[in-house]
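Chain residues, written in single-letter form:
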Amino acid sequence: MLKMQDLTKTYRTDEVETVALNNVNIDIEQGEFVAIMGPSGCGKSTLLNIIGMLDTPTSGHYFFKDEDVAGYSEAQLGVIRKHNIGFIFQSFNLIDELSVAENIELALLYHDIPAAERKERVAAVMDKVGIAHRAKHMPSQLSGGQQQRVAVARAVVGNQSMILADEPTGNLDTAHGQEVMEMLQRLNEEGTTIVMVTHSPSHADYARRTINLLDGHVVTESMRA
Amino acid sequence: MLFTNYILSAWRNILRHKLFSAINVLGLAIGLAAVMLIALFVRYETSYDSFWKNADNIYRLQITFTAPGREPNPAVTAPTLIAPFLKQDFPEVTHVARAVPLNAIFIQDNNRIQEEIRITDQDILNIFDFEVIAGDIETALSDNYSLILNETLAAKYFGNENPLGKSITLETRVFTREYKVAAIIKDIPVNSQVNINAMIGLFESDWADDEALFKSWFRSYSFTYYTVKPGTDIANINNKMKDFIDRHYPSNLSGDPDNKPSDEVSLSSLNIKDLHLKAAGLGQQRPSGDYGTIIAFTLIAILILIIASINFMNLSTARASQRAKEVSIRKVMGAARTNLIIQFIGESIALTLISLLLGLVIVEISLPFYNELIGKTLIIEYGSSDIGNILIVALFVGFFAGIYPAFILSGYRPSENLKSNKSAETKASINFRTALVIVQFTISIALFISTAVIYSQIQYTKNFNLGFNAENILLIKGIRDNEVRDKTGLLIDELKKLTDAINVTSTSITPGVYGVTASNMRTPSMAEGKTVLIGDHKVGYDFFKTFGIEIINGRAFEESRNEFEASDVLVRQGNAAVNSMVINELAVRQLGFNSAEDAIGKSVSGMNYLGGDLTKKYQIIGVTSNIYFESLKNTVRPEMYVLNPYFTSTIALRYVGNPQEIIENTRNIWQQQFPNIPFRYDFVSDAIEEQYWEEHGQMTMITAFSGLAIFIACLGLFGLASFTAERRTKEIGIRKIFGAEVWQVVKLLVWQFTKPVIIANLIAWPLSFYVMSRWLESFVYRIDDMVIIALCLIAGLAALLIAWATVAGNSYAVARTNPIKALRYE
């Protein structure tokens, strides 16, 4: 699915050059569930952003479905992103002014999909994550767990082949966190590739493989038995 | 301590949000500057003649003649015969005085200079409190050899010498007499319609040789001023004027036996303070102001203030979310809501005061240009109440612009705002802002449409086919002077010899001047006693050729035929010659002929005040198209032209080549013939331009202020757009992550500001159409109402384009930022 070779990312401010990722080599197969762990500032989010094509590497190669996208422009990346990748964030990032259904529909809005089909797919995915009874509510009227379920629905409604989740349980209590993890697991079982950044070892256990990052380096990779 | 904390917090807020503060301050400064400029103009225009001590009780009597078939002809003067009856008939009237304008030639050594002076009743001293500098003003008007001069004239004729007791010779149309300077008065301020440079006492016996001055009920020669007892309701006097006229007038104007004098003559009185803005008639002593213009400008000033205040409110509430945290922390620390309200209103007032300072700078810089534009000399008097008034307006604006944001901001609940993940904006405050933007754009669009309509009307007037060719005609004035009159023929012959002169003629009417002379005419086919009033103009040979007027039927006057109009004297002596006349198309209809062709050769008689059965006989020899010598505000009227160079007042010369050269050559010829008489000239095109000069100046003003209003509105929109974009960064980031492209984001943001502009258009269009179609009705010749509709569409499109341009740049920048930046920090 994706392959990174000698991937480096440096940030440059006026005075300092910070190396966020240093010679990272990662391979992720179609259908995998990968957790990325590591302390704050180790480069987890940078890695996730590059995987999600929200950021570009400074050097090295990034093959996405056998296509080297390392040198692609923002617009080119945008096209690949919207057809392949769904996002889930720690703070949900729902749009306050839009209802639950509208928030989910947003992910289809920028594809050429007729309105009727959009409605159908949104309804289907809301059933799937169990939020259909809240379709007309605004995000502020929902609990954190419900908000994150909306976010999950939004990430998958476009039939994305890969979901990137940035600490999806970080703002949730244990029970709701569990719920979201089970939902991700179910999606993975249906064939969706999932890459997740997390601090929680127990949630990392849902993944089949864990990549540990430290100061921009991949330090260990462990496979679940 | 709390107070310094407020000031510190306010100051830091201003510095921290430079864009916000700059937009707020600049918008308000421009707005206040515009309001100050307009206020100066309005104050000046409304200040006329309010400085007289008894101003509240001084009135001017004005007459309007309405001849059957003609429009009412209002004058600001009245016949000299009326004044004595005023005091006699109305017990409320305390003093009455006439001031008759007189062109007198002041002869001193060998210099002859024409001055306009007034022949005045002595009672005028009880009406106006002239400031006497020297001499005895009371006795000066009690004999007929004393002269009162204002300072300017005293200095002009006597320099630094003491003028009292010195003599100067005055040549009038009736007598030449030596006058002694008996008193000097201070110049009457410029903001007055009582323009008196010099006065001599009024003694009717002096003018016995003048045919009409103190004999006519139908020629309004004198400004007639009177005072009433304090508390008098002028309506009481105005209402009694009908009876007054029927009681005193010996006859009506037309001679129509069915009409009472009061059917054709009306008298009204205007308070002296209203003379400048509300006088309708001709003959004002200084150019009149226009009441409608004053109202329009006041309205524009208020609208500009509203737009600028709305900017303020919008930007402050938009920024509210950013200050929510400060509010919450202050509340947690124990601030009561009132403390916060005071703080925010204080901040608003502080910003207003900074704007005011900047506004004053703008006013001072623009005043010279502004003065040139409107032809006045307005200044801000810093020592006077001006500054106080301006401060009050600024504080008022600061208070009201600050009060809404203050209540919104101070109403935040700390528990809600200290949680990081909540938007502090409520739907209500967003809707309120949208409503304010709609108001701003409605005003801007309406101003845009109004300006465009006024402009179109002026262009229409400029391009109107006047029926004659106004280019390349030089006018030489002053040939009524006794000395010149007899030599006019010689002068014209000399002028014709100039190589650059094509045609030369003389005329009693010239373009740009209101032609009031008219005569009662009748044709044999009219009912007994009926007449129609036709404009009666005296011209010389080649009049039509010189002005390029088309003769559509018949012919012009020909030198070989000797067809001069017989004088009244000759007619009285029994001269029964038939005079030739040329009439215009309207006169053809008025006199009852079927067509121009039909009119040729027909006879018409003139009943020109000769009394009895004496009439002048005319035969129509030619018909011209209707020509528009007067402003297009007046309708074209039936006119007749007769060959009578003796009563012409101006020589008209059509030339080719350099205008400066023709002026020099003409001046040389004039000075050879009349070395003592100043050469006065004008160009027809200038005279026409001058009629619209005031409108053009006001047009420029309205355009400038409308432009400013639109600019301020855009400034606000720009600020609001950038805040909105900032507020929506998270949303934009999310949309981009889920596939939105830059143009789609721009479209989203731009559309947000398109809706209010469209709604504003829908409100502004009918409003502007209603107001501007009413305004156009004041013009006899005007553009079609459909033009307003077209201009509405153009204004709407322009407003959209301007709004888009204002919002799009900012939106594009926001849309392009990497979404991870928007989502990383919240």
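## Remarks on the overall build of chain A
Thought 1: For chain A, the count of helices and strands is seven helices and 10 strands.
Thought 2: In terms of C-alpha radius of gyration, chain A reaches 17 Å, essentially the compact-globule figure of 17 Å for 225 residues.
Thought 3: Overall, the C-alpha framework of chain A stretches about 50 × 40 × 35 Å when taken along its three principal axes.
Thought 4: Counting over 225 residues, chain A shows a buried share of 54%.
Thought 5: A separation threshold of at least 6 residues defines the contact pool for chain A, and within that pool the share at least 24 residues apart is 69%.
Thought 6: When the accessible surface of chain A is split by element, carbon and sulfur atoms take 48% of a total near 9900 Å².
Thought 7: Chain A carries 19 positive and 30 negative side-chain charges, and their two centres are separated by 5 Å.

## Section: the overall build of chain B
Thought 1: Counting secondary structure elements, chain B contains 28 helices and 22 strands.
Thought 2: If you line up chain B on its principal axes, its C-alpha atoms span 110 × 65 × 55 Å.
Thought 3: Buried positions account for 54% of the 826 residues belonging to chain B.
Thought 4: The contacts in chain B between residues at least 6 apart in sequence include a share of 79% that link residues at least 24 apart.
Thought 5: When the accessible surface of chain B is totalled, it reaches about 36800 Å², and 58% of it is carbon and sulfur.

## Considerations on a nonpolar patch on the surface
Residues and elements named next belong to chain B.
Thought 1: Taken together, the side chains of Leu26, Leu358, Val361, Ile365, Phe369 and Phe711 present a nonpolar region at the surface, about 560 Å² in accessible area.
Thought 2: A per-element tally of the nonpolar patch places helix H12 (residues 337-374) first, with four residues.
Thought 3: Mapped onto the secondary structure, Ile365 falls in helix H12.
Thought 4: The exposure class of Ile365 is exposed, given its relative accessible area of 56%.

## Section: the interface of chain A and chain B
Thought 1: Between chain A and chain B, the contact holds 22 residues from the first and 22 residues from the second.
Thought 2: Of the roughly 2000 Å² buried between chain A and chain B on both sides combined, carbon and sulfur atoms contribute 53%.
Thought 3: Taken together, the connections running from chain A to chain B amount to three salt bridges.
Thought 4: Its salt-bridge partner being Lys736(B), residue Glu74(A) comes within 3.2 Å of it at the nearest N-O pair.
Thought 5: Across the chain A-chain B interface, the total number found is five residue pairs in polar contact (both at pLDDT 80 or more).
Thought 6: A per-class count over the side of chain A that touches chain B returns 11 nonpolar, four polar and seven charged.

## As for the packing of aromatic side chains
All names here are of chain B.
Thought 1: For the structure on display, the rule yields 42 aromatic pairs over all chains.
Thought 2: For the pair Phe468 and Phe547, a centre-to-centre distance of 6.3 Å together with 75° between the ring planes defines the contact as edge-to-face. You can see Phe468 sitting in the loop between helix H15 (427-463) and strand E12 (473-477) and its partner Phe547 sitting in helix H18 (residues 543-547), a full 79 residues away along the chain. Residue Phe468 shares its accessibility class with Phe547, and that shared class is buried.
Thought 3: Relative to Phe564, the ring of Tyr541 lies with its centre 5.8 Å away and its plane at 70°, an arrangement referred to as edge-to-face. Here Tyr541 is found in the loop between strand E15 (532-539) and H18, whereas its partner Phe564 is found in the loop between strand E16 (551-554) and helix H19 (568-572), with 23 residues between them in sequence.

## With respect to the nonpolar core
Thought 1: Judged by nonpolar contacts, the single largest core of 168 residues is most densely connected at Tyr62(A), Phe64(A) and Phe705(B).
Thought 2: By residue number, the principal contributor to this core is helix H2 (residues 18-46) of chain B, which donates 16 residues.
Thought 3: Here Phe705(B) is in contact with Ala34(B), Leu37(B), Ile38(B), Phe297(B), Ile300(B), Ile304(B) and Tyr370(B), once residues within four sequence places are set aside.

## Looking at the packing of helix H3 (residues 100-109) of chain A against helix H5 (residues 144-156) of chain A
Residue and element names in this part refer to chain A.
Thought 1: Relative orientation of the contacting elements H3 and H5 amounts to 30°, with a least axis distance of 7 Å. Classified by the angle between their axes, H3 and H5 sit roughly parallel to one another. Relative to H5, H3 is oriented so that their crossing is right-handed. Of the residues in H5, those in contact with Val100, Asn103, Ile104 and Ala107 of H3 are Val150, Ala153 and Arg154.

## Concerning the state of the cysteines
Residues and elements named next belong to chain B.
Thought 1: This model, assessed by the stated rule, comprises zero disulfides over all chains.
Thought 2: In this model Cys792 remains outside any disulfide bridge; the closest cysteine sulfur is found in Cys714, 18 Å from its own.
Thought 3: Relative accessible area serves as the criterion here: at 5%, Cys792 is assigned to the buried category.

## What about the sheet that holds strand E6 (residues 85-88) of chain A?
Residues and elements named next belong to chain A.
Thought 1: Taken in spatial order, the six strands make up an open sheet running E6-E7-E8-E3-E9-E10, and their pairing is mixed. The strands lining the two open edges of the sheet, one partner per strand, are E6 and strand E10 (217-223). Sheet twist, expressed as the average angle between the axes of neighbouring strands with direction ignored, equals 20°.
Thought 2: Two elements, strand E3 (residues 33-37) and strand E9 (residues 209-214), share four bridges in a ladder whose sense is parallel. Bridging across to E9, Val34 finds its partner in Arg209.
Thought 3: With respect to the sheet, H5 is in contact with E6 and strand E7 (162-166), its orientation differing from that of E6 by roughly 170°.

## What to know about the environment of Leu358(B)
Thought 1: By the secondary structure assignment, Leu358(B) is in helix H12.
Thought 2: C-alpha separation for the pair Leu358(B) and Leu299(B), spaced 59 residues apart in sequence, amounts to 23 Å.

## What about the sheet that holds strand E5 (residues 67-68) of chain A?
All names here are of chain A.
Thought 1: Judged by pairing direction, the sheet is antiparallel, and its four strands sit side by side in the order E2-E1-E4-E5 without closing on themselves. The open sheet has two free edges, formed respectively by strand E2 (17-28) and E5, since each of these has just one partner strand.
Thought 2: One ladder, built from five bridges, connects strand E1 (residues 2-12) with strand E4 (residues 59-64); its direction is antiparallel. Bridge pairing links Gln5 to His61 in E4.
Thought 3: Its contacts with the sheet put helix H1 (residues 44-51) on E1, E2 and E4, and the angle it makes with E1 is roughly 120°.

## Considering H2(B)
Thought 1: When the terminal C-alpha atoms of H2(B) are compared, their 41 Å separation across 29 residues agrees well with the 42 Å that a helix rising 1.5 Å per residue should span.
Thought 2: A large share of H2(B) lies buried, amounting to 22 of its 29 residues.

## Concerning the packing of helix H25 (residues 729-737) of chain B against helix H27 (residues 785-816) of chain B
Residue and element names in this part refer to chain B.
Thought 1: For the pair H25 and H27, the least separation of the axes is 9 Å and the interaxial angle reads 60°. Overall, the two elements H25 and H27 adopt an arrangement that is oblique. When the axes of H25 and H27 are compared, the crossing they make is right-handed. In this structure, H25 uses Thr729, Ile732 and Lys736 to contact H27, whose residues at the interface are Val814, Ala815 and Arg816.
Thought 2: When its residues are assigned to classes, the contact of H25 with H27 shows three nonpolar, one polar and two charged.

## Let's talk about helix H5 (residues 151-158) of chain B
Residue and element names in this part refer to chain B.
Thought 1: Buried residues of H5: Leu153, Ala154, Tyr157 and Phe158, and no others. Angularly, the buried residues of H5 cover 105° about the axis, an arc narrow enough to put them on a single face.
Thought 2: On its buried face, H5 sits against strand E3 (93-108), strand E4 (111-120), strand E6 (146-150), strand E7 (167-171), strand E8 (176-185) and strand E9 (198-201).
Thought 3: Count one or two residues on from H5 and you reach Gly159, which has phi positive near 55°.

About the criteria used
Residues numbered from 1 in each chain as written. Chains lettered and ligands numbered in written order. Predicted model: local features only at pLDDT ≥ 70, side-chain atom pairs only at ≥ 80, totals over all residues. Heavy atoms only, no water. Helix = DSSP H or I, 4+ residues; strand = E, 2+ residues; numbered from the N terminus. Rg over C-alpha atoms; globule rule 2.2 N^0.38 Å. Buried < 20%, exposed > 50% of the residue type's maximum accessible area, 1.4 Å probe, protein only. Contact = heavy atoms within 4.5 Å. Areas by Shrake-Rupley, 256 points an atom, 1.4 Å probe, with all protein chains shown as cover. Lys, Arg positive; Asp, Glu negative; His and termini not counted. Charge placed at Lys NZ, Arg CZ, Asp CG, Glu CD. Patch = residues over 30% accessible without salt bridge, like charges linked within 9 Å, V, L, I, M, F, W, Y side chains within 5 Å. Salt bridge = Lys/Arg side-chain N within 4 Å of Asp/Glu carboxyl O. Buried area = accessible area lost by both parts, 1.4 Å probe. Polar contact = N/O pair within 3.5 Å; in protein donor to acceptor, adjacent residues only side chain to side chain. Nonpolar A, V, L, I, M, F, W, Y, C, P; charged D, E, K, R; others polar. Phe/Tyr/Trp six-rings, centres within 6.5 Å; stacked < 30°, edge-to-face > 60°. Core = buried A, V, L, I, M, F, W, Y, C linked by side-chain atoms within 4.5 Å. Axes fitted to C-alpha atoms, helices over the stretch in contact; angles between N-to-C directions. Parallel < 35°, antiparallel > 145°, perpendicular 65-115°, else oblique. Left-handed = near helix turned anticlockwise from the far one by under 90°. Disulfide = S-S within 2.5 Å. Pairing = 2+ DSSP bridges. Expected span 1.5 Å × (residues − 1). Arc of directions from axis to C-beta.

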